[in-house]
Amino acid sequence: MADDKIILKAEDLDGYLTRQDKADLERLGAMYNEAEKSFDPLDEKKVIAHFDKMGHVMQEICASHPQIQVYSFVTEEGAHAEASRVISKLRDVNTSHQEFIYYSQRAYEMLFRMAYTDQHSDKKNYITVKTPVTVPVQNYAVHKIPDIDSKIENSVMCVMLRGALLPSMIMSKEIEEYSSHSYVTPFALFKINRDDSKKESDMEYILNLKNSFFNLEELDGKDLIFADPMNATGGSLVTVVKYLQAQGVKPHSIKFFNVISALKGSIRVTRALENCTCYTLWLDPALNNSAYILPGLGDAGDRINGRDSKEKPRNIIQLLADYGSNIAGLYRSQMAIIEQTVLGK
């Protein structure tokens, strides 16, 4: 390996899986293969029956993996319709670019609530706001929110580019809004990709240190948050965290937020990394030979950011600029920190 590149191989990842894990994944894979037989031509009743069965099996499997938190498995039933609707819009091939960003924002707001605010707490914070009403006097309003400062104000956003950039900004914004001190997370940016010329069985994950931007001292002892729309194999996260640990970084905790995760990716991550919890809005049962999630939603990075040309891929600053004024206005604190992180290196 070159000095500026760290490579992790699929065979190293599979070493973390137990015999039972492999049997569970093989079972789900066979079930999904059976479901695919009803796709062409589409037999909707059979497809629904297959997915119901797979959902029950995945719920049973996750019951023995407390560090895998799936929205529809751990929240009250009344909230499941919202998750289903958001995921269905994100999956839909007809969902436009702007809609995809809107539903991604909704997804990460739901994930934030699941991880931080849904648990009952007697401790409350108060938000006092000045309203536009000035007659007969300047008016104010008071609103209660849960006191979660201790959970969020030790956090660093760790971004595995490029599809993870906007989701990470959304999570950081939620932290800022719930913090009593308007805490804006530091950002650590990691240029990592997998070698898509390879298959899932021999995949390689390549961390490019030359094009990454982070401060090891800001990561040690911190609650590291990773927000990636898709977790297929778990390889990128494990590569980054294992590298940091090799440099002496000892995270206080690791939280991995995904809109959709393959069961295999969630199990790998929680087996490989100590004190790591995966929060996912939706769990999918299988991967194909190219390590794409089935049924999945396509390339989330392209659907959020637009597609780059291979000849001229955009850098971080160009991606931020392309988000436009609406995103810049919503996430101005986050964008300022990211720009300082990149340009200050």
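This part takes up the packing of helix H2 (residues 19-36) against helix H3 (residues 44-62). Where H2 meets H3, the closest approach of the two axes is 10 Å, and the angle between their N-to-C directions is 170 degrees. With respect to H3, the element H2 is oriented roughly antiparallel. Residues Asp 24, Arg 27, Leu 28, Met 31, Tyr 32, Glu 34 and Ala 35 of H2 form the contact with H3, whose participating residues are His 50, Phe 51, Lys 53, Met 54, Val 57, Met 58 and Ile 61. Within the contact of H2 with H3, the residues separate by chemical class into nine nonpolar, one polar and four charged.

So, on to the layout of surface pockets. Put simply, the largest pocket is a space of about 1,200 Å³. Lining the largest pocket are 37 residues, with Leu 161, Asn 193, Arg 194, Asp 196 and Asp 299 positioned closest to its centre. Contributing elements (two or more residues each) for the lining of the largest pocket: strand E6 (187-194), strand E9 (230-231), helix H10 (235-246) and helix H12 (300-305). For the lining of the largest pocket, the element with the highest residue contribution is E6, accounting for four residues. A class-by-class count of the residues in the lining of the largest pocket yields 16 nonpolar, eleven polar and ten charged. The volume enclosed by the second largest pocket comes to roughly 420 Å³.

Within the element layout of this structure, Arg 271 appears in helix H11 (residues 263-272). Spatially, the C-alpha atoms of Arg 271 and His 65 are 9.4 Å apart, while their sequence positions differ by 206 residues. What Arg 271 contacts, discounting residues up to four positions off in sequence, is Tyr 16, Thr 18, Asp 21 and His 65.

Before going further, it helps to spend a moment on the nonpolar core. Of all hydrophobic cores here, the largest spans 57 residues; its most connected members are Tyr 116, Leu 165, Leu 166, Met 169, Phe 257, Leu 281 and Ile 338. Of all the elements, helix H6 (residues 97-117) adds the most residues to this core, at eleven residues. Residues within four places of Ile 338 in sequence aside, it is in contact with Leu 165, Met 169, Phe 187, Leu 189, Ile 316 and Leu 320. Counting 32 residues, the second largest nonpolar core, distinct from the first, contains Leu 13, Ile 254, Phe 256 and Cys 276.

So, how was this worked out
Residues numbered from 1 in each chain as written. Predicted model: local features only at pLDDT ≥ 70, side-chain atom pairs only at ≥ 80, totals over all residues. Heavy atoms only, no water. Axes fitted to C-alpha atoms, helices over the stretch in contact; angles between N-to-C directions. Helix = DSSP H or I, 4+ residues; strand = E, 2+ residues; numbered from the N terminus. Parallel < 35°, antiparallel > 145°, perpendicular 65-115°, else oblique. Contact = heavy atoms within 4.5 Å. Nonpolar A, V, L, I, M, F, W, Y, C, P; charged D, E, K, R; others polar. 1 Å grid on protein atoms, 1.4 Å probe; cavity = no way out; pocket = protein on both sides within 12 Å on 5 of 7 lines; lining within 4 Å. Points joined across faces, edges and corners; volume = space filled by probe spheres on them. Core = buried A, V, L, I, M, F, W, Y, C linked by side-chain atoms within 4.5 Å. Buried < 20%, exposed > 50% of the residue type's maximum accessible area, 1.4 Å probe, protein only.

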